[in-house]
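Chains, contacts and geometry: an overview
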Amino acid sequence: MRWWDIEPVLELEHELFPEDAWSAGMFWSELAHARGPRATRRYLVAQDPTTGRLVGYAGLAAAGDLADVQTIAAARDQWGTGLGARLLTELLRAATAFECAEVLLEVRVDNTRAQKLYERFGFEPIGFRRGYYQPGNVDALVMRLTDPAQATTGLPETPDAPDTPETSDTPENTESSESNG
């Protein structure tokens, strides 16, 4: 994800998470920590290869040996295509590159679709954060994955369909690529 992706990311953010959408400032702040030798963040976007439309994004923060999935989202028309799994795979690869021993995330208690995705990758529930998502006062389920390197190497390989978005964080690749964590 680069600065020029923020506007289309915000459009998708507001569509998917109207009550608790991130602001432009939040994304700018995260991207400020995503480049250079002291980077502690990894953000990527997904674009439809035929239209160039942004259809997903994801972000991870790392501190010491702990990573946290900050956000992951796929456009509704991409649900069930495997995009969420590809975005999560990239985040787990980043956690491994940051040498993190475990990855945490928060997911809305009413977002069972995302919870099932995370469970498939080996995340386990470890607690709740009451009223985490505001203003709706929705609880968050906290999930943890130990050893993200193991999770990324144990994924089944599935070939992408020709028109399936792929993940990327480089502006040159326009064939770039489910819950707000």
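Anyway, here's the lowdown on the structure attached to this text. Quantities reported herein were computed from a predicted structural model and do not represent experimental measurements. (Residues numbered from 1 in each chain as written. Predicted model: local features only at pLDDT ≥ 70, side-chain atom pairs only at ≥ 80, totals over all residues. Heavy atoms only, no water.)

1. Some details on the packing of helix α3 (residues 83–97) against helix α4 (residues 112–120)
Remark: α3 packs on α4, axes separated minimally by 11 Å, with the N-to-C direction vectors making an angle of 50°. The angle between α3 and α4 falls in the class oblique. Crossing angle aside, the handedness with which α3 passes α4 is right-handed. Two secondary-structure elements touch here, α3 through Gly 84, Ala 85 and Leu 88 and α4 through Leu 117, Tyr 118 and Arg 120. Residue composition of the contact of α3 with α4, grouped by class: 4 nonpolar, 1 polar and 1 charged. (Axes fitted to C-alpha atoms, helices over the stretch in contact; angles between N-to-C directions. Helix = DSSP H or I, 4+ residues; strand = E, 2+ residues; numbered from the N terminus. Parallel < 35°, antiparallel > 145°, perpendicular 65-115°, else oblique. Left-handed = near helix turned anticlockwise from the far one by under 90°. Contact = heavy atoms within 4.5 Å. Nonpolar A, V, L, I, M, F, W, Y, C, P; charged D, E, K, R; others polar.)

2. With respect to α3
End to end, α3 covers 21 Å across 15 residues, agreeing with the expected 21 Å (1.5 Å per residue, within 8%). Counting buried positions over the 15 residues of α3 gives 12, a clear majority of the element. Of all the residues in α3, the buried ones are Leu 83, Gly 84, Ala 85, Arg 86, Leu 87, Leu 88, Thr 89, Glu 90, Leu 91, Leu 92, Ala 94 and Ala 95. One or two steps after α3, the chain reaches Glu 99, where phi turns positive at roughly 60°. (Expected span 1.5 Å × (residues − 1). Buried < 20%, exposed > 50% of the residue type's maximum accessible area, 1.4 Å probe, protein only.)

3. Details of the nonpolar core
For soluble globular proteins, the rule of thumb is that nonpolar side chains tend to be buried together. Ranked by size, the top nonpolar core spans 48 residues in total, and within it Tyr 57, Leu 88, Val 103, Tyr 118 and Phe 123 carry the most contacts. Val 103 has contacts with Leu 60, Ala 67, Val 69, Leu 92, Ala 95, Phe 123, Met 143, Arg 144, Leu 145 and Pro 148, leaving out every residue within four places of it along the chain. (Core = buried A, V, L, I, M, F, W, Y, C linked by side-chain atoms within 4.5 Å.)

4. Describing the pairing of strand β2 (residues 54–63)
As a general feature of sheets, a regular strand has side chains that alternate between the two faces. Of all 10 residues in β2, 9 are buried; the element is thus mostly enclosed. Two elements, strand β1 (residues 41–47) and β2, share 7 bridges in a ladder whose sense is antiparallel. From the neighbouring strand, Arg 42 faces β2, where its bridge partner is Leu 60. Between β1 and β2, which pair antiparallel one after the other, the connecting turn spans 6 residues, and Gly 52 there sits at a positive phi close to 80°. Relative to strand β3 (residues 66–74), β2 runs antiparallel, the two sharing 8 bridges. Counterpart to Leu 60 in the pairing with β3 is Val 69. (Pairing = 2+ DSSP bridges.)

5. Observations concerning the side chain of Glu 106
Tracing the sequence through the fold places Glu 106 in strand β4 (residues 102–108). With a relative accessible area of 6%, Glu 106 lands in the buried category. Here the side chain of Glu 106 touches Arg 129 through a polar contact of 3.3 Å, side chain to side chain. Engagement of the side chain of Glu 106 in a polar contact is seen with the side chain of Tyr 132, the distance being 3.5 Å. (Polar contact = N/O pair within 3.5 Å; in protein donor to acceptor, adjacent residues only side chain to side chain.)

6. Quick word on the environment of Ala 32
By the secondary structure assignment, Ala 32 is in helix α2 (residues 24–32). C-alpha separation for the pair Ala 32 and Arg 2, spaced 30 residues apart in sequence, amounts to 9.9 Å.

7. Brief notes about α4
Those residues of α4 lying buried are Ala 114, Gln 115, Leu 117 and Tyr 118. The arc that holds every buried residue of α4, seen down its axis, measures 160°, which confines them to one face. With respect to the buried face of α4, the exposed residues turned more than 90 degrees away are Lys 116 and Arg 120. If you follow the buried residues of α4, they end up packed against β3, α3, β4 and β6 (138–146). Gly 122 sits one or two residues past α4 and shows a positive phi near 100°. (Arc of directions from axis to C-beta.)

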